[in-house]
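Below, each chain spelled out in residue letters.
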Amino acid sequence: MSKNETIFIRFLILLHLFTRLYGDSTVGVLTSIKNNGELKLLDNNRAVLCEPFGIIPLERMAKNSVTPTECQNHIDAFYRSHPHDKYFAQSSLHIYQSYHYERIQEGCILYGNGLESYSEMLLEKGLALIDPKFDQKEWNWKLKQAQRRAESGKIGLHNTLIQTFCIYKSQ
């Protein structure tokens, strides 16, 4: 086989892999970041709210906690002592940059770092927990691995009392 044929076959294989990975996803331009848990994209001149799928970010934890005031106080204290984490989305994602994303029932899958989803990035940084109601075979293992890395390294909320005050004991 000639060198040109080999290069052409490799190109076709890479094109096939890319199509399989991003075939169902669309591309949107990130237009605004409200916080780590709420992003807005523009897709074909249509605004799309993108909330990370399968997780409960710190910004949403206090709303559903047993003691919302105490939970919010612990989250605020965490962000005061870790100001960079409060602005994780702004430092990891870039406004007016295009991102691949998928809309699913549980939220939005935004590919923020190659094949790594933004939800995985938040879990790995300890800025979210897996939603106990989330169950998608395709994503369960990847999300659990990201959360385990943060837990084992005592990163983010895993080095605080946030879970004690913000998460139901039955979860």
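Quick notes on the rules
- Residues numbered from 1 in each chain as written.
- Predicted model: local features only at pLDDT ≥ 70, side-chain atom pairs only at ≥ 80, totals over all residues.
- Heavy atoms only, no water.
- Helix = DSSP H or I, 4+ residues; strand = E, 2+ residues; numbered from the N terminus.
- Contact = heavy atoms within 4.5 Å.
- Areas by Shrake-Rupley, 256 points an atom, 1.4 Å probe, with all protein chains shown as cover.
- Core = buried A, V, L, I, M, F, W, Y, C linked by side-chain atoms within 4.5 Å.
- Buried < 20%, exposed > 50% of the residue type's maximum accessible area, 1.4 Å probe, protein only.
- Phe/Tyr/Trp six-rings, centres within 6.5 Å; stacked < 30°, edge-to-face > 60°.
- Salt bridge = Lys/Arg side-chain N within 4 Å of Asp/Glu carboxyl O.

A.B. asks: Can you walk me through the overall build of the protein in this structure?
C.D. replies: For the protein, the helix and strand inventory stands at 8 helices and 8 strands. Contacts spanning at least 24 positions in sequence make up 62% of the contacts within the protein whose residues lie at least 6 apart. Surface exposure of the protein reaches about 10,400 Å², of which carbon and sulfur atoms provide 53%.

A.B. asks: Looking at this structure, I do not really get the nonpolar core. What am I missing?
C.D. replies: Grouped burial of nonpolar side chains is what soluble globular proteins tend to show. Counting residues in each nonpolar core, the largest one holds 42 residues, and the members touching the most others are Leu39, Leu58, Met61, Leu110 and Tyr118. Contact partners of Leu58, with chain neighbours within four places excluded, come to Ile75, Phe78, Tyr79, Leu127, Leu157 and Ile162.

A.B. asks: Any chance you could explain the packing of aromatic side chains here in plain terms?
C.D. replies: The geometry of an aromatic ring pair is captured by two quantities: the separation of the ring centres and the angle between the planes. For the coordinates displayed, the defined rule picks out 5 aromatic pairs. When the ring of Phe88 is compared with that of Tyr118, the centres are 6.4 Å apart and the planes differ by 20 degrees; the resulting orientation is stacked. Note that Phe88 is positioned in helix H5 (residues 88-92) and Tyr118 in helix H6 (residues 118-124), a separation of 30 residues in sequence. Residue classification places Phe88 among the buried positions, given a relative accessible area of 9%.

A.B. asks: Looking at this structure, I do not really get the pattern of salt bridges. What am I missing?
C.D. replies: Two side chains with opposite charge may pair up if their charged atoms get near one another. Using the criterion set out here, one finds 5 salt bridges in the structure. Note that Glu120 and Lys142 form a salt bridge whose closest N and O atoms lie 3.8 Å from each other. Taken as a pair, Glu120 in helix H6 and Lys142 in helix H7 (residues 137-152) lie far apart in primary sequence, 22 residues in all. On the basis of relative accessible area, Glu120 is assigned to the buried category, the value being 5%.

Scope: geometric values only; no functional claims are made or implied.
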